[in-house]
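Analysis of the macromolecular model
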Amino acid sequence: MSVQEKQGEAHVKFEMRFGRLIRMYYSRIQSQLAEVGLYRGQPPILMLLYKNDGMSQKEMARALNLSPATMTVTLKRMEKAGLVLREMDEHDQRILRVHLSEKGREMCETGESRIGVVTAELLEGFTLAEQQQLNEYLGRIARNMERVMEKEPEQDKTGVKN
């Protein structure tokens, strides 16, 4: 088998394993978060606000790579559930600022704890050195994807070019 064929085979194995891992991880995280009342799309918003309370909806949409419409709909649901508060910017009435409610802050902390459980499950049996090496590899993969995505036309979450 040639080097090119071996590399092609390695790529296929990687694609299958990585894709399977992503699906399993996502499923496990979703089940853990659903147990505490958090649903798809909410955890990234809560974590963003936990670290940057008072962001505008526009800033949040950009940071999470979501369309402004998707952000608005999701925030309305989260506001109705008592997780966030939206209020007009005191200096510019066109801007809506989003804040975590006390319930949102508690849910964020609970969610973070649940994600920590899943992370511990994922890394079970790895030494500290292996975990650090894995983090280095994943960082390199992420940087490769970021570099490629910077070159592509901007797309929304459905893959439609803007």
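Residues numbered from 1 in each chain as written. Predicted model: local features only at pLDDT ≥ 70, side-chain atom pairs only at ≥ 80, totals over all residues. Heavy atoms only, no water.

1. A short note on the pairing of strand S3 (residues 96-100)
- Relative to S3, strand S1 (residues 55-56) runs antiparallel, the two being bridged by two bridges. Within S3, the position partnered with Met-55 by the bridge is Val-98.
- Sheet analysis places strand S2 (residues 84-88) next to S3, joined by five bridges and oriented antiparallel. The residue of S3 that forms the bridge with Leu-85 is His-99. (Pairing = 2+ DSSP bridges. Helix = DSSP H or I, 4+ residues; strand = E, 2+ residues; numbered from the N terminus.)

2. Observations concerning the nonpolar core
- Judged by nonpolar contacts, the single largest core of 21 residues is most densely connected at Leu-46, Met-60, Leu-75 and Val-84.
- Within the residue set of this core, elements represented by two or more residues are helix H1 (3-34), helix H2 (42-51), helix H3 (57-64), helix H4 (68-80), S3 and helix H5 (102-122).
- Here this core takes four residues from H2, the largest share from any one element.
- Once residues within four sequence positions are removed from consideration, Leu-46 is found in contact with Leu-38, Met-78, Leu-83, Leu-100, Gly-104, Met-107 and Cys-108. (Core = buried A, V, L, I, M, F, W, Y, C linked by side-chain atoms within 4.5 Å. Buried < 20%, exposed > 50% of the residue type's maximum accessible area, 1.4 Å probe, protein only. Contact = heavy atoms within 4.5 Å.)

3. Regarding the packing of H3 against H4
- Look at H3 against H4: their axes get within 9 Å of each other, and the N-to-C directions meet at 110 degrees. By the criterion of interaxial angle, the relationship of H3 to H4 is roughly perpendicular. For H3 against H4, the interelement crossing comes out right-handed. Contacts between H3 and H4 involve Gln-57, Met-60, Ala-61 and Leu-64 from the first element and Pro-68, Met-71, Thr-72 and Leu-75 from the second. (Axes fitted to C-alpha atoms, helices over the stretch in contact; angles between N-to-C directions. Parallel < 35°, antiparallel > 145°, perpendicular 65-115°, else oblique. Left-handed = near helix turned anticlockwise from the far one by under 90°.)

4. Quick word on the sheet that holds S2
- One open sheet accounts for three strands, arranged S1-S3-S2; its pairing is antiparallel. Single-partner strands in this sheet number two, and they are S1 and S2.
- Along the sheet, H2 makes contact with S1, S2 and S3, crossing S3 at roughly 95 degrees.

5. A short note on empty space enclosed by the protein
- Across all of its chains, the model carries one cavity of 30 Å³ or more by this definition.
- Taken as a whole, the largest cavity spans an internal volume of roughly 40 Å³.
- Residue lining of the largest cavity: Leu-38, Pro-43, Leu-46, Met-47, Cys-108, Gly-111, Glu-112 and Ile-115, and that is the complete set.
- Mapped by element, the contributors of at least two residues to the lining of the largest cavity are H2 and H5.
- The leading source of residues in the lining of the largest cavity is H5, at four residues.
- Class assignment of the residues belonging to the lining of the largest cavity gives a composition of six nonpolar, one polar and one charged. (1 Å grid on protein atoms, 1.4 Å probe; cavity = no way out; pocket = protein on both sides within 12 Å on 5 of 7 lines; lining within 4 Å. Points joined across faces, edges and corners; volume = space filled by probe spheres on them. Nonpolar A, V, L, I, M, F, W, Y, C, P; charged D, E, K, R; others polar.)

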